[in-house]
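Remarks on the overall topology
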Amino acid sequence: MSLPKTTREYRLPNPEGFHNLILQEAPIPTLKSTEVLVKIHAVSLQNRDLVVANGQYPVGQKDNLVPASDMAGEIVAVGADVKGWKLGERVSANFALDHVHGVVTAEIRATALGGPVDGVLTEYKAFPAHALVRIPEHLSYEEASTLPCTALTAYNALLGGNPALKGGHTVLVQGTGGVSISGLQLAVASGATVIVTSSSDEKLEIAKKLGATHLINYKRTPDWELEVLRVTNGRGVDHVVEVGGPGTLTRSAKALAFGGNMAVIGIMAGLAGDVSGLPLIVLGKAATMRGIQVGSRTQFEDMNRLIEAVKLKPVVDKVFDFEHAVEAYEYQEKQQHVGKVVVRVAKN
Ligand SMILES: NC(=O)c1ccc[n+]([C@@H]2O[C@H](COP(=O)([O-])OP(=O)(O)OC[C@H]3O[C@@H](n4cnc5c(N)ncnc54)[C@H](OP(=O)(O)O)[C@@H]3O)[C@@H](O)[C@H]2O)c1
């Protein structure tokens, strides 16, 4: 196969909303000896991509960015010094290119795709070989494109730290978006009992089909932490996948069991909220709060082994064609999805 010389890519010249995205043709730079060229088949979106499109990414973003961080594709060229990768292999790239193992640093965070560095909403992209992972064999490119950020974040939250999830634990996930549905699926796959909150009864029914045991509509039950305590016979949960932020943190802490673990991930419920009582709740329960910054390539490989072992199928809500990526952003923004919104990049 002769290699293409150009790629069609989206760019964000004006970071004042995703309607400013433009699709253009650009040359594919000469491959460095340590890089691998990937034909991108699918890209998944997430809440972060909306934040970036509005120019509000808290750790800074590149000018005139190629957006998005999560892709699955096929290797079409391998640099002369690359070992361990061959043509045709199906791969994803880690969210932060240089996060190979261990704890994130400011330098590693500066290599996050679709933020500080150009992302993956393009037909072809060169990646440093050390950033790549093989995608699970039973997954399509569209399914595999959902894994790099939100799924790995949920994996790290539940299984990547200490205390880690054990079979028999109880897990609370908030809402039915990308992070939370992955959290639900990974927790069920690990032998946990899962409680899901959502604004929608229809979405809760989907969560039930995915293995959730307890369903709470947080609009109808604003004191949902009391319901969590009720359904756990007063014990509380071992893990909270906390995507609400200051608007939900205090209730989440109240829902914890003694010795429980709260993974602090997102701010979907907004930045307003009284968190002054939080230290005493966490202290009183000998609980742990851990901030999550997605995960390392090593954790990505660990997660993929679990996904392979249980043949876990990520939840793809809707797929949009590459030319309609802006509509995919619109759909993501409406929050009507359960799981993930995907852009199909390659036609074959
Ligand atoms: N720290 C990290 O490494 C990391 C990585 C990935 C994502 N994040 C963050 O995690 C959050 C979720 O991202 P995502 O891409 O999974 O989002 P998403 O797919 O857009 O899902 C968002 C969901 O959050 C739920 N939600 C909204 N307001 C809520 C509230 N007040 N209380 C509880 N749930 C609420 C809604 O679920 P229902 O419609 O079911 O109510 C909504 O569908 C974002 O804040 C994102 O920035 C952080």
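Residues numbered from 1 in each chain as written. Predicted model: local features only at pLDDT ≥ 70, side-chain atom pairs only at ≥ 80, totals over all residues. Heavy atoms only, no water.

Take the layout of surface pockets next. Space inside the second largest pocket adds up to approximately 460 Å³. Forming the boundary of the second largest pocket are 22 residues, of which Pro29, Asp118, Tyr124, Lys125 and Ala126 lie nearest the centre. Elements that contribute at least two residues to the lining of the second largest pocket include exactly strand 1 (6-11), strand 2 (22-27) and strand 6 (124-128). The element best represented in the lining of the second largest pocket is strand 6, accounting for five residues. A breakdown of the residues in the lining of the second largest pocket according to their chemical character gives twelve nonpolar, four polar and six charged. (1 Å grid on protein atoms, 1.4 Å probe; cavity = no way out; pocket = protein on both sides within 12 Å on 5 of 7 lines; lining within 4 Å. Points joined across faces, edges and corners; volume = space filled by probe spheres on them. Helix = DSSP H or I, 4+ residues; strand = E, 2+ residues; numbered from the N terminus. Nonpolar A, V, L, I, M, F, W, Y, C, P; charged D, E, K, R; others polar.)

Using the residue numbers shown here, the UniProt feature "domain: Enoyl reductase (ER)" (unreviewed entry) corresponds to residues 17-343. Helix makes up 29% of residues 17-343 and strand 25%, with an end-to-end C-alpha separation of 18 Å. (UniProt positions renumbered as here; feature names shortened; annotations may be inferred.)

On to the domain arrangement of the chain. In terms of domain boundaries, the chain breaks down into domain 1 (6-146 + 314-344) and domain 2 (152-291). Distance between the C-alpha centres of domain 1 and domain 2: 28 Å. On the side of domain 2, ten residues touch domain 1, which itself brings ten residues to the contact. Counting the contacts that link domain 1 with domain 2 gives zero salt bridges. Applying the counting rule to domain 1 against domain 2 returns four residue pairs in polar contact (both at pLDDT 80 or more). Taken together, the residues that form the side of domain 1 that touches domain 2 break down as three nonpolar, six polar and one charged. (Domains from an automatic or database assignment. Contact = heavy atoms within 4.5 Å. Salt bridge = Lys/Arg side-chain N within 4 Å of Asp/Glu carboxyl O. Polar contact = N/O pair within 3.5 Å; in protein donor to acceptor, adjacent residues only side chain to side chain.)

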